[in-house]
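Spelled out, the chains give:
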Amino acid sequence: MIKFEHVSKTYPNGVKGLQDINLEIQDGEFIGIIGMSGAGKSTFIRTINRLNDITEGQLVVDGIEISSLKGKALRRYRRKVGMIFQSYNLVPRISVIKNVMSSLVPDMSFGRVLFGAFSKEDKIKALESLDRVSMLDKAFIRTDQLSGGQQQRVSLARTLAQNPKVLLADEPVAALDPVTAHEVMDDFKRINEELGQTVLINIHHVDLALEYSKRIIGIRSGKIVYDGPVAGITQDVLDLIYSKDEAE
Ligand SMILES: Nc1ncnc2c1ncn2[C@@H]1O[C@H](COP(=O)(O)OP(=O)(O)OP(=O)(O)O)[C@@H](O)[C@H]1O
């Protein structure tokens, strides 16, 4: 379980990214996070894997206050919380399977990744993850020969191979055409249903968020202005989420 208790994040330049966030996320939820550009969606999910440190409050994951984690404990924690980015974050000139396996040995040098010093177990794990996102047949292709949608699936497989409990995705389909975006969202849905991983997705397209999520968190100016089921999203709620704050 992830628990935000009075969490705020003020950036060093004084910008308030998050203000007094209080909520709980249960294991296995599928949550879409919506809001205008600059509302704080990325800041919100990045606090969960400590890419952003919070400045006030407590963020407790499975009973541990994560702000206090350091060194090895922080690295171990981060492996439980996988992150998928809009820009895929893959190495283009190596094979798909090497990209996936490199997540299993994060401290391996690039040279060793290139020359393939991986165990049989790593290879099996990587192939299983690629199979989960229907990319098994592309395992030995060079990554830069794949389309954007295929690269995003590899990126998902790469994160899945670490067997995380939580998947955070920051605009994973923003760069994709509508058909491919649906395919990638279908992967997230299947993984959530079959493996029970908690999924939190920042998403610009409200229709996609409503189609795939069970719960919607609406953020405006760093504050939660809606937190509830998809069924509760009315035009009034959308107007509230997508209106400018009086202070702006
Ligand atoms: N490193 C930073 N330093 C200072 N301010 C930042 C930093 N990162 C984000 N911000 C500010 O924090 C606020 C929230 O940004 P955030 O990136 O979380 O929004 P977002 O909802 O994800 O936007 P988008 O949809 O455009 O990605 C914005 O005002 C942004 O300018």
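1. Considering the site of the ligand
Taken together, Y11, N13, V15, G17, G35, S37, G38, A39, G40, K41, S42 and T43 make up the full set of residues adjacent to the ligand. For the shell around the ligand, the element with the most residues is helix α1 (residues 41–48), which contributes 3 residues. Looking at the shell around the ligand residue by residue, the class counts come to 3 nonpolar, 8 polar and 1 charged.

2. As for helix α7 (residues 178–195)
Its 18 residues give α7 an end-to-end C-alpha distance of 25 Å, which sits within 8% of 26 Å, the value for a rise of 1.5 Å per residue. Looking only at α7, the buried set comprises A181, V184, M185, D187, F188 and I191. Viewed end-on, α7 has its buried residues packed into an arc of 140°, placing them on one side of the element. In this structure, α7 carries P178, V179, E193 and E194 as exposed residues pointing more than 90 degrees from its buried face. In this fold, the buried residues of α7 make contact with α5 (120–132), α6 (148–160), β7 (166–170), β8 (198–202) and α8 (206–212). Positive phi shows up at G196, right after α7, with a value of about 75°.

3. Considerations on the sheet that holds strand β3 (residues 30–34)
With mixed pairing, 6 strands are arranged side by side in an open sheet as β6-β7-β8-β3-β9-β10. Each edge of the open sheet carries a strand with a single partner, namely β6 (81–85) and β10 (223–229). Adjacent strand axes in the sheet meet at a mean angle of 15° when their direction is disregarded. Relative to the sheet, α1 contacts β3, β6, β7, β8 and β9 (215–220), its axis offset from that of β7 by approximately 150°.

4. Observations regarding the nonpolar core
In this structure, I33, V100, A157, L168 and F188 are the most contacted members of the largest nonpolar core, which totals 58 residues. Considering each element in turn, this core owes the most residues, 5 residues, to α7. Every residue in contact with A157, bar those within four places of it in the chain, is listed here: V100, S129, L130, R132, V133 and M135.

5. Concerning unusual backbone geometry
Even without being a glycine, R50 presents a positive backbone phi close to 65°. Position of R50 among the secondary structure elements: in the loop between α1 and β4 (56–61). Residue classification places R50 among the partly exposed residues on the basis of 17 C-beta atoms within 10 Å.

6. Notes on the sheet that holds strand β2 (residues 16–25)
Read across the open sheet, the 4 strands follow the order β2-β1-β4-β5; overall the sheet is antiparallel. The open sheet has two edge strands, β2 and β5 (64–65), and neither has a second partner.

About the thresholds
Residues numbered from 1 in each chain as written. Predicted model: local features only at pLDDT ≥ 70, side-chain atom pairs only at ≥ 80, totals over all residues. Near = placed C-beta within 6 Å. Helix = DSSP H or I, 4+ residues; strand = E, 2+ residues; numbered from the N terminus. Nonpolar A, V, L, I, M, F, W, Y, C, P; charged D, E, K, R; others polar. Expected span 1.5 Å × (residues − 1). Buried ≥ 20, exposed ≤ 12 C-beta atoms within 10 Å, placed from the backbone. Arc of directions from axis to C-beta. Contact = placed C-beta atoms within 7 Å. Pairing = 2+ DSSP bridges. Axes fitted to C-alpha atoms, helices over the stretch in contact; angles between N-to-C directions. Core = buried A, V, L, I, M, F, W, Y, C linked by C-beta atoms within 7 Å.

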